[in-house]
Protein chains: 2
Amino acid sequence: MTSTTSTGTTTIEAVEDMPSIRIVRDFAATPAQLVRAHTDPELFVQWVGPNSTTMTVDYWDARTGGSWRYVDGPGADGEEYAFHGCFHEVREDRLVQTFTYEGYPDSVALESMWFEDLGQGRTRMHVHSLFDSYESRDGMLRSGMDVGVNDGYAKLDRLLAEGSV
Amino acid sequence: MTSTTSTGTTTIEAVEDMPSIRIVRDFAATPAQLVRAHTDPELFVQWVGPNSTTMTVDYWDARTGGSWRYVDGPGADGEEYAFHGCFHEVREDRLVQTFTYEGYPDSVALESMWFEDLGQGRTRMHVHSLFDSYESRDGMLRSGMDVGVNDGYAKLDRLLAEGSV
């Protein structure tokens, strides 16, 4: 699925020959700013997820071998949704981490993210999420992740535009 | 490929529809002993890998959100091989961790391991390694991993038999 807002086009694509999802998105940002947006917890909670929710960090240690946990909510339905994982690799050009939604504690995804410098202050972000089964991958696609992804990146666009990153 | 030693049969299988490897192996051990063999660094270095090598732990923190790194060698060829990852999940019945051989620093696998209690002091261990590409998976299968896996599990059989786990 491809969606375009006034600030950017996000492509979210199921990869058919393996249980993965690829996301490609351009930002008016340098690679370093995008790494910061994904590793600084105070920045991260300001943009990640759908507009309707509030993220709170439980723990966060963004270094190779570190780990993270955050809680989304309580939202309009009064529910909280928690997520955790570990940082396999934190480099200047690449982030690799694991991801579990605690509602499905036995599912896990491996997320790799890298940053292609397009010059003139623009960067193409590539995200590759690999799931431990096709069921997990399809459940994620059906969960409404595109709303969270698109809302989140639009919020990140605004933070970048206002010079907050 | 399936191989049988005097102490156990190990099945190592490429899973065709996703870039993964499944290993199944029975042990004369309880699930708790197998978790210990995989999480206690002093035990782990005594059995992991081929007979020809010596493992040294660089760092090791076997808890959910912890991380690890170990070095194999120097072996007969004078070379050292290093590996690192993070522990996504450490539970009584299940271990999930990431794995990178530092010779290929951009490759990463996600390894899930669970323990099926067969009763009478026997346990069937299931390992599912998911790779970020078919190339990585096939490279691992071609690397001679079956020697390391079979040598390692035979050493673990001996440690279990002598009451060291």
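Look up: the structure comes first, before these words.
Bear in mind that the values here come from a model prediction, so they are computed numbers and not experimental data.

**A short note on the pattern of salt bridges**
Line of reasoning, step 1. In total, this model carries 18 salt bridges over all chains according to the counting rule given.
Line of reasoning, step 2. A salt bridge links R91(A) to D93(A); its shortest N-O distance comes to 3.5 Å.
Line of reasoning, step 3. For R91(A), a relative accessible area of 25% translates into the label partly exposed.
Line of reasoning, step 4. Classification of D93(A) as partly exposed rests on a relative accessible area of 41%.
Line of reasoning, step 5. Of the charged contacts in the structure, one is a salt bridge between R69(B) and E102(B), with a shortest N-O distance of 2.9 Å. With R69(B) in strand β5 (residues 67-72) and E102(B) in the loop between β7 (94-101) and β8 (109-119), the pair connects residues that are 33 residues apart, well separated along the chain.

**A look at the interface of chain B and chain A**
Line of reasoning, step 1. Contact residues are listed per partner, giving 32 residues for chain B and 32 residues for chain A.
Line of reasoning, step 2. Taken together, the links from chain B to chain A amount to 4 salt bridges.
Line of reasoning, step 3. For the salt bridge of D106(B) with R94(A), the shortest nitrogen-to-oxygen distance reads 3.6 Å.
Line of reasoning, step 4. Ranked by residues supplied to the side of chain B that touches chain A, first place goes to strand β6 (residues 81-90) of chain B with 6 residues.
Line of reasoning, step 5. Per-class residue counts for the side of chain B that touches chain A are 13 nonpolar, 13 polar and 6 charged.

What counts as what
Residues numbered from 1 in each chain as written. Chains lettered and ligands numbered in written order. Predicted model: local features only at pLDDT ≥ 70, side-chain atom pairs only at ≥ 80, totals over all residues. Heavy atoms only, no water. Salt bridge = Lys/Arg side-chain N within 4 Å of Asp/Glu carboxyl O. Buried < 20%, exposed > 50% of the residue type's maximum accessible area, 1.4 Å probe, protein only. Helix = DSSP H or I, 4+ residues; strand = E, 2+ residues; numbered from the N terminus. Contact = heavy atoms within 4.5 Å. Nonpolar A, V, L, I, M, F, W, Y, C, P; charged D, E, K, R; others polar.

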